[in-house]
Amino acid sequence: MSWEVTELQPQKRKKNRFNIITDEGYLLSLSAETIVKHHIRAGMILEEELLEKLRQEDTRKYAKELAADYLGYAPRTRSQVRSHLLRKGIDAESAEAALATMEEYGYIDDAAYAREFARCYSAKLGAAAIRSKLMEKGISREVIETSVEFSREAEREAAAGLVAKLREKYDSLPKEKRRQRIYQALLRKGFSYGDAAELLCNGEDE
């Protein structure tokens, strides 16, 4: 099967992409780079084999552009970028190729992401909560355990700091109710049962 190109129609929202129009209507969209590389022009006959080659080549290039743009706003995990590409209609093979490129150039680094996340949240969350949130972002437990060092001393200091803030927040409540609120808050933040109980029993909220 073949198609004759009748028009290269620039897209309104993506200036570097063009819709390929044939006598049967819209066929596909290609980047300006792909069009120039393969000399696509009005009157050209596109055979099915060439069309498939163009589609695969352009999809891989587009996947890399989408990944780079997504990563340009904030650091992301591999899983987050993959999900973003799939939501944008990129096939799994092209998405994996884009991910490999981003990893090769250091734009995706799950270990570095995990370390930075833990550094930023270690004063607010317990180790359990940090692990849970990282796994929700698609980082494996193995990567977390091999790349993040959780300090028991730092975690206990963070818990004690939270107790102090919550004591002030709930100062008007009866003692037992205040203790209950603080205890529940500590657990929600991922601090251990043992630390929560010890801090309260030792009068940290007195």
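Treat the numbers as computed from the prediction; the structure is a model and nothing was measured.

Chemist: Explain helix H6 (residues 127-136) to me, please; I cannot follow it from the model alone.
Modeler: Listed in full, the buried residues belonging to H6 are Ala-127, Ala-129, Ile-130 and Leu-134. Taken down its axis, H6 places every buried residue within 165° of arc, on the same side. Considering only its buried residues, H6 is in contact with helix H5 (110-121), helix H7 (141-147) and helix H8 (152-169).

Chemist: Where do I start with helix H4 (residues 92-104) in this structure?
Modeler: Across its 13 residues, H4 extends 18 Å between first and last C-alpha, which sits within 8% of the 18 Å expected from 1.5 Å per residue. Regarding H4, the residues found buried are Ser-94, Ala-95, Ala-98, Leu-99, Thr-101 and Met-102. Summarising the axial view, the buried residues of H4 lie within an arc of 160°, below the 170-degree limit, and thus occupy one face. Facing away from the buried side of H4 by over 90 degrees, the exposed positions are Glu-93 and Glu-104. On its buried side, H4 packs onto helix H2 (48-73) and helix H3 (78-87).

Chemist: Help me understand the side chain of Thr-22 in this model?
Modeler: One can find Thr-22 in strand S2 (residues 17-22). If we skip the residues at most four places from it in the chain, Thr-22 touches Trp-3, Glu-4, Thr-6 and Leu-27.

Chemist: Is there a simple way to explain the packing of H8 against helix H10 (residues 193-201) in this structure?
Modeler: Any two packed helices are characterised by how steeply their axes cross, that is the angle between the axes, and by the distance between the axes. At a minimum axis distance of 10 Å, the contact between H8 and H10 shows a crossing angle of 50°. With respect to H10, the axis of H8 lies oblique. Of the two possible hands of crossing, H8 and H10 adopt the one that is right-handed. Residue-level inspection shows Arg-152, Arg-156, Ala-159, Ala-160 and Val-163 of H8 in contact with H10, the latter providing Asp-195, Glu-198 and Leu-199. Counted by class, the contact of H8 with H10 contains four nonpolar, no polar and four charged residues.

Conventions and cut-offs
Residues numbered from 1 in each chain as written. Predicted model: local features only at pLDDT ≥ 70, side-chain atom pairs only at ≥ 80, totals over all residues. Heavy atoms only, no water. Buried < 20%, exposed > 50% of the residue type's maximum accessible area, 1.4 Å probe, protein only. Helix = DSSP H or I, 4+ residues; strand = E, 2+ residues; numbered from the N terminus. Arc of directions from axis to C-beta. Contact = heavy atoms within 4.5 Å. Expected span 1.5 Å × (residues − 1). Axes fitted to C-alpha atoms, helices over the stretch in contact; angles between N-to-C directions. Parallel < 35°, antiparallel > 145°, perpendicular 65-115°, else oblique. Left-handed = near helix turned anticlockwise from the far one by under 90°. Nonpolar A, V, L, I, M, F, W, Y, C, P; charged D, E, K, R; others polar.

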